[in-house]
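Descriptive structure summary
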Amino acid sequence: MPQFEARDGAKLAYRETGAGSPLILFHGLTSTATMAWIDTGHAEVLATRGHRVIMPDLRGHGDSVHRHALPDALADDGLALVEHLGLDDYDLGGYSLGGRVVARMLVRGATPRRAIVGGQGTRQLAGEGGGAGDLVRHVADGTVGAESPMAQWLKKSGADVTALVHVLDSLVPTGPADLAAIRVPTLVVAGEQDTRAASAKDLAEALPNATYVTIPGDHGSAAANPALAEAMADFLARG
């Protein structure tokens, strides 16, 4: 499995499939590149539609378990991957936490051709809490017991809970002024039943050059719905 060196020296893993226009995809919290993009079939669809799909395991996840995480580490890691691959004409996409990484990279100066932010809205990008992040913290501090669904999932997936908390602590909010400065054409996509859908619509309205699309499902089921890959591929095909 290929690796790249992050700016703090961490060795992080990524996977690739397909050939053509480079597309970097970031998965969500407690997931991995394999679970989010390969097992769902999304990577295959995007590869078939003419993309070289590049899928890192985020720091603290999968084969990139690394407990140290400075502020905005995930954005730093994404920018380091772009540099490592020598890309100057590429697209960025992410779902849930991965969508937040995309937004931070854009704020930090990434210049993809197009960008995709899935399952995130203005409230989430602003770091207002909630969702899986709070559940991971509850497992870590013992607020919930080992029988809770999140604790069971983390145990089953072999996740390093301490590493995940460090990742959560590294996240930097993205506010209205940051969003207003993003000029990259961006797809904001959310599940129709996702509790974040209203916030996602607000995000599309806050971005100067955004398209808002909904697909069937809630936050979790929309991530695995074939409609996600189709919406992404259709958006990227606009040129």
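Below or above, wherever it landed, is the structure these notes cover. Numbering of residues starts from 1 in every chain and runs along the sequence as written. Whole-chain, interface and lining totals are the exception, using all residues; otherwise, since this is a predicted model, local features are given only for residues with pLDDT of at least 70 and side-chain atom pairs are given and counted only at 80 or more. With hydrogens and water stripped out, all remaining heavy atoms of the structure feed into the side-chain values.

1. Structural notes on the packing of aromatic side chains
When the centres of two rings from Phe, Tyr and Trp lie within 6.5 Å, Trp using its six-membered ring, the rings pair. Their planes under 30 degrees apart give stacked, over 60 give edge-to-face, and anything left gives tilted. Under the counting rule described, the total for this entry stands at 1 aromatic pair. Ring plane angle 55° and centroid distance 6.1 Å describe the contact between Phe 4 and Tyr 14, whose orientation is recorded as tilted. Of the two residues, Phe 4 is situated in strand E1 (residues 3-5) and Tyr 14 in strand E2 (residues 11-17); the sequence distance between them amounts to 10 residues. The cut-offs for exposure are 20% and 50% of the maximum accessible area for each residue type, with area from a 1.4 Å probe on protein chains only; residues under the lower value are buried, those over the upper are exposed, and the others partly exposed. With relative accessibility at 4%, the residue Phe 4 sits in the buried group. You can call Tyr 14 buried: its relative accessible area is 6%. Comment: elements are numbered from the N terminus, with helices defined as DSSP H or I runs of at least four residues and strands as E runs of at least two.

2. Description of the side chain of His 61
Examined against the element boundaries, His 61 turns out to sit in the loop between strand E4 (51-56) and helix H3 (73-85). The class for His 61 is buried, based on a relative accessible area of 3%. Filtering out sequence-adjacent residues up to four positions away, His 61 remains in contact with His 27, Gly 28, Leu 29, Thr 30, Ser 31, Leu 97, Leu 164 and Val 167. A contact between two residues is defined here by any heavy atoms of the two lying within 4.5 Å.

3. Brief notes about the nonpolar core
Take the buried residues of types Ala, Val, Leu, Ile, Met, Phe, Trp, Tyr and Cys, join any two whose side-chain atoms come within 4.5 Å, and each joined set is a nonpolar core. The biggest cluster of nonpolar side chains holds 48 residues, and the ones touching the most others in it are Ile 24, Phe 26, Leu 92 and Met 105. In terms of residue count, H3 provides more of this core than any other element does, 7 residues in total. Core analysis: the next-biggest nonpolar cluster, separate from the first, contains 22 residues, Leu 25, Ala 36, Ala 233 and Phe 235 among them.

4. Comments concerning the sheet that holds strand E5 (residues 91-95)
If you walk across this open sheet you meet the 8 strands as E1-E2-E4-E3-E5-E6-E7-E8, and the pairing is mixed. With one partner strand each, in any of the chains shown, E1 and strand E8 (210-215) form the two edges of the open sheet. Sheet twist, expressed as the average angle between the axes of neighbouring strands with direction ignored, equals 25°. Two strands make a pair as long as DSSP finds a minimum of two bridges between them. Examined bridge by bridge, E2 and E4 share 4 bridges and lie antiparallel to one another. Note on E4: the bridge partner recorded for Glu 16 is Ile 54. To obtain an axis, a line is fitted to C-alpha atoms, over the contacting stretch when the element is a helix, and the angle between two such axes runs from 0 to 180 degrees between their N-to-C directions. Running over the sheet, helix H10 (residues 197-206) touches strand E6 (115-118), strand E7 (186-191) and E8 and is turned about 170° from E7.

5. A few points about the pairing of E7
Extensive coverage of E7 is indicated by the burial of 6 of its 6 residues. Along E7, one buried face is formed by Thr 186, Val 188 and Ala 190 and the opposite face, lined by Leu 187, Val 189 and Gly 191, is buried too. Direction of pairing for E6 relative to E7: parallel, over a ladder of 4 bridges. Among the inter-strand pairings, Gly 118 is bridged to a residue of E7, identified as Val 189. Relative to E8, E7 is paired through 6 bridges, and the arrangement is parallel. Paired with Leu 187 across the strands is Thr 211, a residue of E8. A clockwise course of the path from the first strand over the helix to the second, judged with the strands pointing away from the viewer, identifies a crossover as right-handed. Between E7 and its parallel partner E8, the chain crosses via H10, and the hand of that crossover is right-handed.

6. What to know about the environment of Gly 127
With respect to the element layout, Gly 127 can be found in the loop between helix H5 (122-125) and helix H6 (131-141). Counting along the chain gives 88 residues from Gly 127 to Asp 39, while the straight-line C-alpha distance between them is 29 Å.

7. Concerning the environment of Thr 32
Inspection of the secondary structure puts Thr 32 in the loop between strand E3 (21-26) and helix H1 (33-38). In this structure the C-alpha to C-alpha distance between Thr 32 and His 61, which are 29 residues apart in sequence, comes to 6.2 Å. For Thr 32, the contacting residues outside a window of four places in its chain are His 27, Asp 57 and Gly 62.

8. Re unusual backbone geometry
The backbone phi angle of Thr 30 is positive, close to 70°, even though this residue is not glycine. Counting through the fold element by element, Thr 30 comes out in the loop between E3 and H1. Using a relative accessible area of 10% as the deciding quantity, one classes Thr 30 as buried. Not every positive phi belongs to a glycine, and Ser 96 is a case in point at roughly 60°. As for its placement among the helices and strands, Ser 96 is situated in the loop between E5 and helix H4 (97-107). Its relative accessible area of 13% is what places Ser 96 among the buried residues.

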